[in-house]
Amino acid sequence: MVHFTEMPYERVTYEEIEVRYLELMEEFRKATDAESCLAVMRKRYQLTADMTAMDLCYVRHDMNVNDAFYAAEQAYYDEIGPKLGDLSNQFERLILASPYRKDIEEKLGSYVFSIMEAGQSGFDSRLIPLAQEENRLLARYNQLTSNATVEWEGEKRKRNLMRLIAQSPDREVRKAASLAISDSWEAQREELEEIFEKLLENRRRQAEVMGFSSYVELSYYRMMRIGYGPKEVEAFRELVKKHFVPLSRRLEEERKKRLNLDHLYIYDSGVYFPEGNPVPVCVEAGGKDADTEKKAVPGSTAACLEATRRMYTEMSPETGQFIAFLLDNGLADVEIRDGKRDGGYMTTFEKYRAPFIFANFDGTMENAYIMCHEGGHAFQGYLKRDEEIREHCWNTSEMAETHAMAMEFFAMPYMELFFGDRAQDYRTMHLEDAIRLIINQCLQDEFQQRVYEQPEMTMEDCNALWARLDREYFPDKDYDSNVNLREGRGWQHIPHIYHWPFYAIDYALAEIEALGYYRWMHEDPGASWQSYLRLCKESGTMDFPSLVKGAGLGSPFEEETLRKLSEWMLGKLSK
Ligand SMILES: [Zn+2]
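Conventions adopted
Residues numbered from 1 in each chain as written. Predicted model: local features only at pLDDT ≥ 70, side-chain atom pairs only at ≥ 80, totals over all residues. Heavy atoms only, no water. Donors = N, O, S within 2.8 Å, 3.2 Å for Na, K, Ca; no water. Tetrahedral: all angles 85-135°; square planar, octahedral: opposite > 155°, others 65-115°. Buried < 20%, exposed > 50% of the residue type's maximum accessible area, 1.4 Å probe, protein only. Phe/Tyr/Trp six-rings, centres within 6.5 Å; stacked < 30°, edge-to-face > 60°. Helix = DSSP H or I, 4+ residues; strand = E, 2+ residues; numbered from the N terminus. Patch = residues over 30% accessible without salt bridge, like charges linked within 9 Å, V, L, I, M, F, W, Y side chains within 5 Å. Areas by Shrake-Rupley, 256 points an atom, 1.4 Å probe, with all protein chains shown as cover. Salt bridge = Lys/Arg side-chain N within 4 Å of Asp/Glu carboxyl O. Pairing = 2+ DSSP bridges. Axes fitted to C-alpha atoms, helices over the stretch in contact; angles between N-to-C directions. Contact = heavy atoms within 4.5 Å.

A.B. asks: Any details on the coordination of the zinc ion? Residues and values, ideally.
C.D. replies: At 2.1 to 2.7 Å from the zinc ion lie its protein donor atoms, namely His373 (NE2), His377 (NE2), Glu401 (OE) and Glu401 (OE). Each of the four donor atoms bound to the zinc ion contributes to angles spanning 51 to 143°, and the resulting shape is irregular. Since its relative accessible area comes to 5%, histidine 373 is described here as buried. Overall, glutamate 401 belongs to the buried group, its relative accessible area being 3%.

Have a look at this one:
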(Lines give C-alpha, C1' and ligand atoms only; values in the text may rest on other atoms or scores of the structure.)
Protein backbone atom coordinates (compact mmCIF):
# COMPACT_ATOMS: atom_id res chain seq x y z
CA MET A 1 0.00 0.00 0.00
CA VAL A 2 1.27 3.46 -0.96
CA HIS A 3 1.37 6.18 1.71
CA PHE A 4 -0.97 9.09 0.94
CA THR A 5 1.90 11.55 0.51
CA GLU A 6 3.54 9.23 -2.02
CA MET A 7 0.45 8.69 -4.17
CA PRO A 8 1.50 9.93 -7.59
CA TYR A 9 -0.63 12.57 -9.26
CA GLU A 10 -1.05 12.87 -13.00
CA ARG A 11 -3.93 14.68 -14.67
CA VAL A 12 -6.73 12.49 -16.01
CA THR A 13 -7.78 13.97 -19.34
CA TYR A 14 -11.25 13.92 -20.78
CA GLU A 15 -9.96 12.73 -24.15
CA GLU A 16 -8.33 9.57 -22.77
CA ILE A 17 -11.39 8.62 -20.67
CA GLU A 18 -13.72 9.27 -23.59
CA VAL A 19 -11.72 6.93 -25.86
CA ARG A 20 -11.75 4.20 -23.25
CA TYR A 21 -15.48 4.59 -22.54
CA LEU A 22 -16.32 4.48 -26.25
CA GLU A 23 -14.28 1.27 -26.59
CA LEU A 24 -16.11 -0.28 -23.65
CA MET A 25 -19.46 0.69 -25.08
CA GLU A 26 -18.54 -0.82 -28.43
CA GLU A 27 -17.50 -4.03 -26.71
CA PHE A 28 -20.69 -4.10 -24.65
CA ARG A 29 -22.86 -3.75 -27.75
CA LYS A 30 -21.09 -6.72 -29.32
CA ALA A 31 -21.48 -8.94 -26.25
CA THR A 32 -23.38 -12.13 -26.98
CA ASP A 33 -24.29 -13.21 -23.46
CA ALA A 34 -24.58 -11.93 -19.88
CA GLU A 35 -21.11 -13.24 -18.96
CA SER A 36 -19.39 -11.12 -21.59
CA CYS A 37 -21.48 -8.09 -20.55
CA LEU A 38 -20.29 -8.59 -16.99
CA ALA A 39 -16.70 -8.86 -18.23
CA VAL A 40 -17.04 -5.41 -19.85
CA MET A 41 -18.56 -4.04 -16.66
CA ARG A 42 -15.52 -5.32 -14.76
CA LYS A 43 -13.26 -3.47 -17.20
CA ARG A 44 -15.14 -0.35 -16.23
CA TYR A 45 -14.02 -0.94 -12.61
CA GLN A 46 -10.45 -0.54 -13.87
CA LEU A 47 -11.39 2.61 -15.75
CA THR A 48 -12.95 4.07 -12.58
CA ALA A 49 -9.85 3.12 -10.59
CA ASP A 50 -7.70 4.89 -13.18
CA MET A 51 -9.62 8.10 -12.47
CA THR A 52 -8.40 8.16 -8.85
CA ALA A 53 -6.21 11.19 -9.58
CA MET A 54 -9.42 13.25 -9.68
CA ASP A 55 -10.19 12.35 -6.07
CA LEU A 56 -6.58 12.94 -5.07
CA CYS A 57 -6.77 16.38 -6.63
CA TYR A 58 -10.05 17.15 -4.86
CA VAL A 59 -8.51 16.37 -1.47
CA ARG A 60 -5.18 18.09 -2.11
CA HIS A 61 -6.99 21.19 -3.36
CA ASP A 62 -9.15 21.24 -0.20
CA MET A 63 -6.01 20.90 1.91
CA ASN A 64 -4.98 24.30 0.57
CA VAL A 65 -7.40 26.12 -1.70
CA ASN A 66 -4.70 28.71 -2.36
CA ASP A 67 -2.29 26.21 -3.94
CA ALA A 68 -2.28 27.35 -7.56
CA PHE A 69 -1.38 23.96 -9.07
CA TYR A 70 -4.26 21.95 -7.57
CA ALA A 71 -6.65 24.90 -7.96
CA ALA A 72 -6.04 24.83 -11.71
CA GLU A 73 -6.36 21.04 -11.83
CA GLN A 74 -9.63 21.23 -9.87
CA ALA A 75 -10.97 23.90 -12.23
CA TYR A 76 -10.22 21.51 -15.10
CA TYR A 77 -12.13 18.64 -13.40
CA ASP A 78 -15.04 20.96 -12.55
CA GLU A 79 -15.24 21.58 -16.28
CA ILE A 80 -14.95 17.97 -17.49
CA GLY A 81 -16.80 16.37 -14.54
CA PRO A 82 -20.28 16.76 -16.02
CA LYS A 83 -19.04 15.40 -19.38
CA LEU A 84 -17.57 12.37 -17.62
CA GLY A 85 -20.87 11.90 -15.79
CA ASP A 86 -22.58 11.85 -19.16
CA LEU A 87 -20.23 9.14 -20.49
CA SER A 88 -20.94 7.03 -17.44
CA ASN A 89 -24.67 7.58 -17.98
CA GLN A 90 -24.40 6.51 -21.61
CA PHE A 91 -22.64 3.31 -20.55
CA GLU A 92 -25.32 2.58 -17.97
CA ARG A 93 -28.03 3.21 -20.54
CA LEU A 94 -26.60 0.30 -22.53
CA ILE A 95 -26.68 -1.95 -19.47
CA LEU A 96 -30.29 -0.98 -18.77
CA ALA A 97 -31.31 -1.74 -22.35
CA SER A 98 -29.27 -4.93 -22.68
CA PRO A 99 -31.06 -8.00 -24.06
CA TYR A 100 -29.24 -9.94 -21.29
CA ARG A 101 -30.48 -7.64 -18.56
CA LYS A 102 -32.37 -10.38 -16.75
CA ASP A 103 -29.26 -12.52 -16.36
CA ILE A 104 -27.08 -9.56 -15.37
CA GLU A 105 -29.71 -8.59 -12.82
CA GLU A 106 -29.54 -12.08 -11.41
CA LYS A 107 -25.84 -11.58 -10.68
CA LEU A 108 -25.95 -7.99 -9.42
CA GLY A 109 -29.43 -7.79 -7.92
CA SER A 110 -32.22 -5.51 -9.09
CA TYR A 111 -31.27 -2.67 -6.73
CA VAL A 112 -28.22 -1.74 -8.83
CA PHE A 113 -30.58 -1.34 -11.76
CA SER A 114 -32.93 0.92 -9.79
CA ILE A 115 -29.94 3.13 -8.96
CA MET A 116 -28.87 3.30 -12.61
CA GLU A 117 -32.43 4.16 -13.63
CA ALA A 118 -32.56 6.99 -11.09
CA GLY A 119 -29.25 8.20 -12.53
CA GLN A 120 -30.80 8.39 -16.01
CA SER A 121 -33.75 10.45 -14.72
CA GLY A 122 -31.48 12.81 -12.81
CA PHE A 123 -28.96 13.73 -15.49
CA ASP A 124 -28.35 13.80 -19.21
CA SER A 125 -26.10 15.52 -21.72
CA ARG A 126 -28.37 18.56 -22.06
CA LEU A 127 -27.42 19.49 -18.50
CA ILE A 128 -23.65 19.65 -19.11
CA PRO A 129 -23.33 23.45 -19.54
CA LEU A 130 -25.54 24.11 -16.49
CA ALA A 131 -23.63 21.59 -14.37
CA GLN A 132 -20.37 23.26 -15.37
CA GLU A 133 -21.72 26.65 -14.37
CA GLU A 134 -22.94 25.18 -11.07
CA ASN A 135 -19.43 23.85 -10.38
CA ARG A 136 -17.92 27.28 -11.03
CA LEU A 137 -20.36 28.88 -8.58
CA LEU A 138 -19.49 26.30 -5.93
CA ALA A 139 -15.76 26.85 -6.48
CA ARG A 140 -16.38 30.55 -5.83
CA TYR A 141 -18.27 29.67 -2.66
CA ASN A 142 -15.37 27.46 -1.46
CA GLN A 143 -12.80 30.12 -2.11
CA LEU A 144 -14.89 32.68 -0.24
CA THR A 145 -15.63 30.58 2.85
CA SER A 146 -12.25 28.80 3.14
CA ASN A 147 -10.48 32.13 3.54
CA ALA A 148 -13.01 33.69 5.93
CA THR A 149 -11.60 35.36 9.02
CA VAL A 150 -13.02 36.83 12.21
CA GLU A 151 -11.75 39.94 14.00
CA TRP A 152 -10.91 38.80 17.49
CA GLU A 153 -8.86 40.60 20.13
CA GLY A 154 -7.28 42.83 17.52
CA GLU A 155 -6.26 40.09 15.14
CA LYS A 156 -7.73 38.12 12.27
CA ARG A 157 -8.47 34.48 13.05
CA LYS A 158 -9.65 31.73 10.76
CA ARG A 159 -13.41 31.50 11.26
CA ASN A 160 -13.52 27.78 12.03
CA LEU A 161 -11.00 28.32 14.83
CA MET A 162 -13.59 30.36 16.75
CA ARG A 163 -15.72 27.48 17.94
CA LEU A 164 -13.79 26.85 21.14
CA ILE A 165 -14.12 30.53 22.10
CA ALA A 166 -17.82 30.57 21.15
CA GLN A 167 -18.32 27.75 23.68
CA SER A 168 -16.49 29.54 26.48
CA PRO A 169 -17.92 29.01 29.98
CA ASP A 170 -17.56 32.80 30.36
CA ARG A 171 -20.83 34.17 29.04
CA GLU A 172 -19.47 37.56 28.02
CA VAL A 173 -16.72 35.92 26.00
CA ARG A 174 -19.05 33.60 24.13
CA LYS A 175 -21.51 36.39 23.48
CA ALA A 176 -18.78 38.55 21.93
CA ALA A 177 -17.41 35.58 19.95
CA SER A 178 -20.81 34.66 18.57
CA LEU A 179 -21.35 38.27 17.44
CA ALA A 180 -17.88 38.41 15.88
CA ILE A 181 -18.60 35.21 13.93
CA SER A 182 -21.91 36.59 12.69
CA ASP A 183 -20.21 39.86 11.69
CA SER A 184 -17.86 37.83 9.55
CA TRP A 185 -20.81 36.13 7.80
CA GLU A 186 -22.56 39.46 7.49
CA ALA A 187 -19.48 40.91 5.77
CA GLN A 188 -19.76 38.17 3.11
CA ARG A 189 -23.53 38.41 2.90
CA GLU A 190 -23.78 40.13 -0.46
CA GLU A 191 -21.59 37.60 -2.20
CA LEU A 192 -23.20 34.64 -0.40
CA GLU A 193 -26.65 35.79 -1.49
CA GLU A 194 -25.50 36.47 -5.02
CA ILE A 195 -24.02 32.96 -5.33
CA PHE A 196 -27.17 31.36 -3.92
CA GLU A 197 -29.43 33.35 -6.22
CA LYS A 198 -27.44 32.13 -9.20
CA LEU A 199 -27.49 28.54 -7.91
CA LEU A 200 -31.27 28.73 -7.53
CA GLU A 201 -31.70 30.00 -11.06
CA ASN A 202 -29.27 27.37 -12.37
CA ARG A 203 -31.04 24.52 -10.62
CA ARG A 204 -34.47 25.80 -11.68
CA ARG A 205 -33.27 25.62 -15.28
CA GLN A 206 -31.85 22.11 -14.74
CA ALA A 207 -35.29 20.91 -13.61
CA GLU A 208 -36.90 22.59 -16.59
CA VAL A 209 -34.49 20.96 -19.07
CA MET A 210 -35.19 17.54 -17.56
CA GLY A 211 -38.94 18.16 -17.74
CA PHE A 212 -39.65 18.28 -14.00
CA SER A 213 -42.09 20.66 -12.37
CA SER A 214 -39.42 21.76 -9.88
CA TYR A 215 -35.90 20.99 -8.67
CA VAL A 216 -37.43 19.15 -5.69
CA GLU A 217 -38.59 16.38 -8.00
CA LEU A 218 -35.27 16.24 -9.84
CA SER A 219 -33.34 16.14 -6.59
CA TYR A 220 -35.13 12.98 -5.43
CA TYR A 221 -33.64 11.19 -8.44
CA ARG A 222 -30.27 12.86 -7.88
CA MET A 223 -30.24 11.65 -4.28
CA MET A 224 -31.26 8.16 -5.50
CA ARG A 225 -34.10 7.96 -2.99
CA ILE A 226 -35.64 4.55 -3.54
CA GLY A 227 -38.50 3.11 -1.49
CA TYR A 228 -39.82 6.52 -0.32
CA GLY A 229 -40.50 9.99 -1.71
CA PRO A 230 -41.29 13.63 -0.83
CA LYS A 231 -44.61 12.62 0.74
CA GLU A 232 -42.98 10.26 3.23
CA VAL A 233 -40.32 12.86 4.02
CA GLU A 234 -42.95 15.52 4.65
CA ALA A 235 -44.81 13.14 6.99
CA PHE A 236 -41.51 12.38 8.74
CA ARG A 237 -40.91 16.09 9.37
CA GLU A 238 -44.38 16.35 10.93
CA LEU A 239 -43.56 13.42 13.22
CA VAL A 240 -40.37 15.19 14.25
CA LYS A 241 -42.38 18.31 15.07
CA LYS A 242 -44.76 16.21 17.13
CA HIS A 243 -42.29 14.04 19.08
CA PHE A 244 -38.88 15.70 18.99
CA VAL A 245 -39.61 19.42 19.17
CA PRO A 246 -41.37 19.09 22.59
CA LEU A 247 -38.59 16.77 23.80
CA SER A 248 -35.95 19.26 22.77
CA ARG A 249 -37.79 22.13 24.50
CA ARG A 250 -37.97 20.10 27.69
CA LEU A 251 -34.25 19.29 27.55
CA GLU A 252 -33.49 22.97 26.93
CA GLU A 253 -35.31 23.73 30.19
CA GLU A 254 -33.04 21.25 31.97
CA ARG A 255 -29.95 22.69 30.30
CA LYS A 256 -30.99 26.14 31.49
CA LYS A 257 -31.21 24.85 35.07
CA ARG A 258 -27.91 23.02 34.73
CA LEU A 259 -26.23 26.22 33.50
CA ASN A 260 -27.91 28.18 36.27
CA LEU A 261 -29.30 30.79 33.87
CA ASP A 262 -32.71 32.54 33.81
CA HIS A 263 -32.92 32.62 30.06
CA LEU A 264 -31.01 31.01 27.18
CA TYR A 265 -29.80 33.23 24.36
CA ILE A 266 -28.39 32.09 21.05
CA TYR A 267 -24.83 32.43 22.34
CA ASP A 268 -25.64 29.91 25.10
CA SER A 269 -26.70 27.28 22.59
CA GLY A 270 -23.32 25.59 22.26
CA VAL A 271 -22.70 25.30 26.02
CA TYR A 272 -23.91 22.35 28.07
CA PHE A 273 -22.22 22.61 31.46
CA PRO A 274 -21.48 25.55 33.76
CA GLU A 275 -17.79 24.60 33.82
CA GLY A 276 -17.80 24.45 29.99
CA ASN A 277 -18.05 21.58 27.56
CA PRO A 278 -15.71 18.63 27.84
CA VAL A 279 -12.67 19.02 25.57
CA PRO A 280 -10.14 16.34 24.64
CA VAL A 281 -7.53 15.96 27.36
CA CYS A 282 -5.76 12.90 25.98
CA VAL A 283 -1.97 12.90 25.82
CA GLU A 284 -0.02 10.80 23.38
CA ALA A 285 1.22 7.44 24.69
CA GLY A 286 4.60 8.02 26.29
CA GLY A 287 3.98 11.74 25.95
CA LYS A 288 4.50 12.64 29.58
CA ASP A 289 8.19 11.80 29.64
CA ALA A 290 8.84 12.42 25.96
CA ASP A 291 11.29 15.20 25.29
CA THR A 292 9.11 16.73 22.61
CA GLU A 293 6.77 19.11 24.37
CA LYS A 294 4.25 18.92 21.55
CA LYS A 295 3.37 15.35 22.46
CA ALA A 296 2.42 16.25 26.00
CA VAL A 297 -0.09 18.95 25.02
CA PRO A 298 -3.50 17.62 26.08
CA GLY A 299 -5.87 17.21 23.18
CA SER A 300 -3.17 17.87 20.59
CA THR A 301 -3.71 16.55 17.08
CA ALA A 302 -1.22 13.72 17.59
CA ALA A 303 -2.76 12.76 20.94
CA CYS A 304 -6.29 12.71 19.48
CA LEU A 305 -5.15 10.50 16.62
CA GLU A 306 -3.48 8.18 19.14
CA ALA A 307 -6.72 8.02 21.16
CA THR A 308 -8.61 7.29 17.93
CA ARG A 309 -6.25 4.40 17.23
CA ARG A 310 -6.73 2.97 20.72
CA MET A 311 -10.51 3.32 20.54
CA TYR A 312 -10.90 1.41 17.29
CA THR A 313 -8.32 -1.16 18.34
CA GLU A 314 -10.25 -1.90 21.53
CA MET A 315 -13.66 -1.86 19.82
CA SER A 316 -13.34 -4.96 17.60
CA PRO A 317 -10.79 -6.87 15.49
CA GLU A 318 -12.34 -5.42 12.29
CA THR A 319 -12.13 -1.81 13.46
CA GLY A 320 -8.60 -2.47 14.73
CA GLN A 321 -7.38 -3.55 11.29
CA PHE A 322 -9.18 -0.60 9.75
CA ILE A 323 -7.59 2.08 11.91
CA ALA A 324 -4.09 0.65 11.46
CA PHE A 325 -4.60 0.71 7.69
CA LEU A 326 -5.91 4.28 7.79
CA LEU A 327 -3.36 5.89 10.07
CA ASP A 328 -0.29 3.93 8.97
CA ASN A 329 -0.91 5.00 5.40
CA GLY A 330 -1.47 8.68 6.19
CA LEU A 331 -5.11 8.49 5.11
CA ALA A 332 -6.31 11.28 7.40
CA ASP A 333 -5.63 15.02 7.23
CA VAL A 334 -7.07 16.55 10.38
CA GLU A 335 -5.12 19.69 11.20
CA ILE A 336 -6.58 23.20 10.77
CA ARG A 337 -4.37 25.31 8.52
CA ASP A 338 -4.70 28.61 6.67
CA GLY A 339 -6.40 28.14 3.32
CA LYS A 340 -7.70 24.68 4.23
CA ARG A 341 -11.36 24.11 3.50
CA ASP A 342 -13.78 23.93 6.46
CA GLY A 343 -15.64 20.84 7.60
CA GLY A 344 -15.00 17.16 7.26
CA TYR A 345 -15.73 14.32 4.91
CA MET A 346 -14.61 10.88 3.85
CA THR A 347 -13.73 9.92 0.32
CA THR A 348 -12.29 6.83 -1.37
CA PHE A 349 -9.28 6.40 -3.61
CA GLU A 350 -10.59 3.56 -5.72
CA LYS A 351 -7.20 2.66 -7.22
CA TYR A 352 -5.93 1.77 -3.73
CA ARG A 353 -9.37 0.87 -2.39
CA ALA A 354 -8.44 3.23 0.42
CA PRO A 355 -10.77 5.45 2.43
CA PHE A 356 -9.51 8.94 3.33
CA ILE A 357 -10.66 11.27 6.14
CA PHE A 358 -10.58 15.04 5.75
CA ALA A 359 -11.19 16.95 8.99
CA ASN A 360 -10.39 20.11 10.95
CA PHE A 361 -9.42 19.52 14.60
CA ASP A 362 -10.33 22.70 16.46
CA GLY A 363 -9.60 21.61 20.04
CA THR A 364 -13.28 21.12 20.92
CA MET A 365 -15.09 17.81 21.32
CA GLU A 366 -15.20 17.92 17.50
CA ASN A 367 -11.75 16.28 17.45
CA ALA A 368 -13.24 13.10 18.85
CA TYR A 369 -16.64 13.38 17.24
CA ILE A 370 -15.30 13.71 13.72
CA MET A 371 -13.08 10.65 14.04
CA CYS A 372 -16.16 8.67 15.09
CA HIS A 373 -18.38 10.07 12.34
CA GLU A 374 -15.98 10.09 9.39
CA GLY A 375 -14.42 6.99 10.91
CA GLY A 376 -17.80 5.25 10.51
CA HIS A 377 -17.91 6.18 6.83
CA ALA A 378 -14.31 5.09 6.33
CA PHE A 379 -14.77 1.83 8.25
CA GLN A 380 -17.67 0.88 5.99
CA GLY A 381 -15.54 1.68 2.94
CA TYR A 382 -12.76 -0.44 4.38
CA LEU A 383 -15.15 -3.37 4.96
CA LYS A 384 -16.07 -3.20 1.28
CA ARG A 385 -12.42 -3.17 0.15
CA ASP A 386 -12.54 -6.71 -1.20
CA GLU A 387 -16.07 -6.50 -2.57
CA GLU A 388 -15.93 -7.95 -6.09
CA ILE A 389 -19.13 -6.34 -7.35
CA ARG A 390 -18.04 -2.70 -7.13
CA GLU A 391 -21.57 -1.48 -7.84
CA HIS A 392 -22.34 -2.75 -4.34
CA CYS A 393 -20.02 -0.07 -2.98
CA TRP A 394 -22.36 2.66 -4.24
CA ASN A 395 -23.92 4.19 -1.15
CA THR A 396 -26.96 6.41 -1.02
CA SER A 397 -26.44 9.16 1.50
CA GLU A 398 -29.05 8.31 4.14
CA MET A 399 -27.46 4.86 4.35
CA ALA A 400 -23.91 6.23 4.35
CA GLU A 401 -24.84 8.62 7.17
CA THR A 402 -26.33 5.73 9.11
CA HIS A 403 -22.93 3.98 8.99
CA ALA A 404 -21.28 7.16 10.22
CA MET A 405 -23.77 8.26 12.87
CA ALA A 406 -24.22 4.79 14.33
CA MET A 407 -20.46 4.65 14.81
CA GLU A 408 -20.69 7.85 16.90
CA PHE A 409 -22.78 5.80 19.33
CA PHE A 410 -20.80 2.56 19.15
CA ALA A 411 -17.83 4.77 20.11
CA MET A 412 -19.57 6.15 23.22
CA PRO A 413 -18.13 3.57 25.68
CA TYR A 414 -14.58 4.62 24.68
CA MET A 415 -14.90 8.34 25.28
CA GLU A 416 -12.77 8.15 28.45
CA LEU A 417 -9.84 7.87 26.03
CA PHE A 418 -10.53 11.42 24.85
CA PHE A 419 -12.29 13.16 27.73
CA GLY A 420 -11.03 11.40 30.85
CA ASP A 421 -13.42 11.85 33.77
CA ARG A 422 -15.71 14.06 31.70
CA ALA A 423 -16.61 11.26 29.28
CA GLN A 424 -20.10 11.02 30.76
CA ASP A 425 -20.62 14.73 30.08
CA TYR A 426 -19.65 14.12 26.46
CA ARG A 427 -22.19 11.29 26.24
CA THR A 428 -24.97 13.52 27.63
CA MET A 429 -24.03 16.37 25.35
CA HIS A 430 -23.87 14.18 22.27
CA LEU A 431 -27.26 12.65 22.93
CA GLU A 432 -28.89 16.08 23.46
CA ASP A 433 -27.14 17.24 20.31
CA ALA A 434 -28.59 14.35 18.35
CA ILE A 435 -32.12 15.55 19.09
CA ARG A 436 -31.35 19.10 18.02
CA LEU A 437 -29.61 17.77 14.91
CA ILE A 438 -32.71 15.88 13.78
CA ILE A 439 -34.87 18.99 14.22
CA ASN A 440 -32.35 21.24 12.55
CA GLN A 441 -32.00 18.99 9.50
CA CYS A 442 -35.80 18.89 9.11
CA LEU A 443 -35.84 22.68 9.25
CA GLN A 444 -33.24 22.80 6.45
CA ASP A 445 -35.18 20.29 4.39
CA GLU A 446 -38.46 22.17 4.69
CA PHE A 447 -36.68 25.45 3.88
CA GLN A 448 -35.14 23.96 0.73
CA GLN A 449 -38.37 22.35 -0.38
CA ARG A 450 -40.22 25.66 -0.20
CA VAL A 451 -37.42 27.63 -1.82
CA TYR A 452 -37.00 25.24 -4.76
CA GLU A 453 -40.75 24.99 -5.24
CA GLN A 454 -40.91 28.76 -5.69
CA PRO A 455 -37.62 29.67 -7.35
CA GLU A 456 -38.83 33.21 -7.99
CA MET A 457 -38.29 33.96 -4.29
CA THR A 458 -35.95 36.87 -3.59
CA MET A 459 -33.17 36.57 -1.02
CA GLU A 460 -35.28 38.69 1.29
CA ASP A 461 -38.12 36.16 0.96
CA CYS A 462 -35.65 33.34 1.71
CA ASN A 463 -34.47 35.08 4.87
CA ALA A 464 -38.04 35.70 6.01
CA LEU A 465 -38.94 32.07 5.33
CA TRP A 466 -35.95 30.81 7.31
CA ALA A 467 -36.84 33.07 10.23
CA ARG A 468 -40.41 31.79 10.25
CA LEU A 469 -39.50 28.08 10.01
CA ASP A 470 -36.77 28.52 12.59
CA ARG A 471 -39.40 29.75 15.08
CA GLU A 472 -41.57 26.75 14.27
CA TYR A 473 -38.82 24.17 14.86
CA PHE A 474 -37.05 26.02 17.69
CA PRO A 475 -39.76 28.13 19.37
CA ASP A 476 -37.52 29.15 22.27
CA LYS A 477 -34.53 30.42 20.34
CA ASP A 478 -33.63 34.00 21.29
CA TYR A 479 -31.21 35.78 18.95
CA ASP A 480 -30.90 38.81 21.23
CA SER A 481 -28.85 41.47 19.44
CA ASN A 482 -27.53 39.18 16.71
CA VAL A 483 -29.01 40.87 13.64
CA ASN A 484 -27.56 38.42 11.12
CA LEU A 485 -29.35 35.49 12.74
CA ARG A 486 -32.44 37.37 13.88
CA GLU A 487 -33.19 38.46 10.33
CA GLY A 488 -33.09 34.88 9.10
CA ARG A 489 -29.70 34.62 7.45
CA GLY A 490 -28.59 31.57 9.44
CA TRP A 491 -29.06 29.34 6.39
CA GLN A 492 -26.18 31.16 4.73
CA HIS A 493 -23.81 29.59 7.27
CA ILE A 494 -24.60 26.06 6.13
CA PRO A 495 -22.36 24.64 3.35
CA HIS A 496 -24.83 21.85 2.54
CA ILE A 497 -27.47 24.42 1.51
CA TYR A 498 -25.11 25.50 -1.26
CA HIS A 499 -23.27 22.31 -2.14
CA TRP A 500 -25.60 19.41 -1.56
CA PRO A 501 -29.25 20.44 -1.86
CA PHE A 502 -31.66 18.09 -0.08
CA TYR A 503 -28.88 16.17 1.65
CA ALA A 504 -30.00 17.48 5.07
CA ILE A 505 -32.90 15.08 5.57
CA ASP A 506 -30.51 12.15 5.12
CA TYR A 507 -28.83 13.13 8.40
CA ALA A 508 -32.16 13.21 10.19
CA LEU A 509 -33.25 9.81 8.85
CA ALA A 510 -29.82 8.35 9.63
CA GLU A 511 -29.80 9.78 13.16
CA ILE A 512 -33.07 7.99 13.92
CA GLU A 513 -31.42 4.71 12.90
CA ALA A 514 -28.21 5.53 14.77
CA LEU A 515 -30.21 6.23 17.93
CA GLY A 516 -32.03 2.96 17.32
CA TYR A 517 -28.67 1.25 17.51
CA TYR A 518 -27.75 3.17 20.67
CA ARG A 519 -30.92 2.03 22.37
CA TRP A 520 -30.25 -1.54 21.21
CA MET A 521 -26.64 -1.34 22.46
CA HIS A 522 -28.00 -0.82 25.97
CA GLU A 523 -30.03 -4.02 25.72
CA ASP A 524 -27.62 -6.21 23.76
CA PRO A 525 -24.23 -4.81 22.74
CA GLY A 526 -23.17 -8.00 20.93
CA ALA A 527 -26.27 -8.36 18.78
CA SER A 528 -26.43 -4.66 17.88
CA TRP A 529 -22.78 -4.67 16.77
CA GLN A 530 -23.28 -7.79 14.64
CA SER A 531 -26.29 -6.17 13.03
CA TYR A 532 -24.22 -3.05 12.29
CA LEU A 533 -21.42 -5.06 10.68
CA ARG A 534 -23.93 -6.89 8.52
CA LEU A 535 -25.64 -3.63 7.55
CA CYS A 536 -22.30 -2.11 6.48
CA LYS A 537 -21.60 -5.11 4.28
CA GLU A 538 -25.12 -5.38 2.82
CA SER A 539 -25.26 -1.69 2.02
CA GLY A 540 -25.41 -1.16 -1.75
CA THR A 541 -27.55 -4.24 -2.40
CA MET A 542 -30.95 -2.97 -1.23
CA ASP A 543 -32.81 0.32 -0.72
CA PHE A 544 -32.65 2.14 2.61
CA PRO A 545 -36.06 1.09 4.01
CA SER A 546 -35.30 -2.59 3.23
CA LEU A 547 -31.79 -2.40 4.70
CA VAL A 548 -32.88 -0.94 8.02
CA LYS A 549 -35.74 -3.38 8.26
CA GLY A 550 -33.36 -6.28 7.58
CA ALA A 551 -31.02 -4.95 10.25
CA GLY A 552 -33.78 -5.18 12.85
CA LEU A 553 -34.20 -1.39 13.19
CA GLY A 554 -37.47 0.54 13.15
CA SER A 555 -38.57 2.49 10.07
CA PRO A 556 -38.11 6.27 10.40
CA PHE A 557 -41.40 6.67 8.54
CA GLU A 558 -43.44 4.94 11.26
CA GLU A 559 -44.70 6.99 14.18
CA GLU A 560 -44.08 4.12 16.57
CA THR A 561 -40.31 4.33 15.95
CA LEU A 562 -40.11 8.03 16.79
CA ARG A 563 -42.47 7.79 19.73
CA LYS A 564 -40.51 4.96 21.37
CA LEU A 565 -37.17 6.64 20.72
CA SER A 566 -38.22 9.98 22.15
CA GLU A 567 -39.62 8.30 25.26
CA TRP A 568 -36.42 6.33 25.74
CA MET A 569 -34.26 9.42 25.36
CA LEU A 570 -36.37 11.43 27.75
CA GLY A 571 -35.90 8.69 30.34
CA LYS A 572 -32.17 8.62 29.72
CA LEU A 573 -31.60 12.36 29.78
CA SER A 574 -33.95 13.75 32.37
CA LYS A 575 -33.21 13.40 36.02
ZN1 LIG B 1 -21.25 11.91 7.13
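A.B. asks: Tell me what's going on with the packing of aromatic side chains, and back it up with residues and numbers.
C.D. replies: Enumeration according to the criterion identifies 40 aromatic pairs in this entry. Between tyrosine 228 and phenylalanine 557, the aromatic rings sit 4.9 Å apart at their centres with planes inclined by 40°, giving tilted as the arrangement. In this pair, tyrosine 228 is assigned in the loop between helix H11 (215-222) and helix H12 (230-259) and phenylalanine 557 in the loop between helix H25 (544-550) and helix H26 (559-573), connecting sequence segments 329 residues apart. Cluster of aromatic residues (ring-pair linked, three or more members): Tyr312, Phe322, Phe325, Phe379, Tyr382, Phe410, Tyr517, Trp520, Trp529 and Tyr532.

A.B. asks: Could you give an account of a nonpolar patch on the surface, naming the residues involved and the relevant values?
C.D. replies: Nonpolar side chains collect at one region of the surface, where Leu164, Val279 and Val281 lie side by side and expose about 210 Å² of accessible area between them. Summarising the element assignment, leucine 164 is placed in helix H8 (residues 163-166). Exposure remark for leucine 164: the relative accessible area of 39% places this residue in the partly exposed category.

A.B. asks: Give a detailed account of the sheet that holds strand S3 (residues 332-335), specifying residues and quantitative values.
C.D. replies: Strands sit in the order S3-S5-S4 across an open sheet of three strands; the sheet is mixed. If you trace the sheet from one side to the other, it starts and ends with S3 and strand S4 (345-349), each paired once. Taken pair by pair, the neighbouring strands of this sheet meet at an average axis angle of 15°, ignoring direction. Bridging between S3 and strand S5 (residues 354-361) involves three bridges; their strand directions are parallel. Bridged to alanine 332 within S5 is isoleucine 357. Packing against the sheet, helix H3 (residues 52-63) makes contact with S3, S4 and S5, and its axis sits at approximately 145° to S4.

A.B. asks: So what's going on with the pairing of strand S1 (residues 149-152)? Which residues, and what values?
C.D. replies: Residue alternation in S1 divides its side chains into a buried set, Val150 and Trp152, and an unburied set, Thr149 and Glu151. Relative to strand S2 (residues 155-158), S1 is paired through four bridges, and the arrangement is antiparallel. Across the sheet, residue valine 150 finds its bridge partner in S2, namely arginine 157. What sits between S1 and S2 in their antiparallel hairpin is a turn of two residues, with glutamate 153 showing a positive phi close to 50°.

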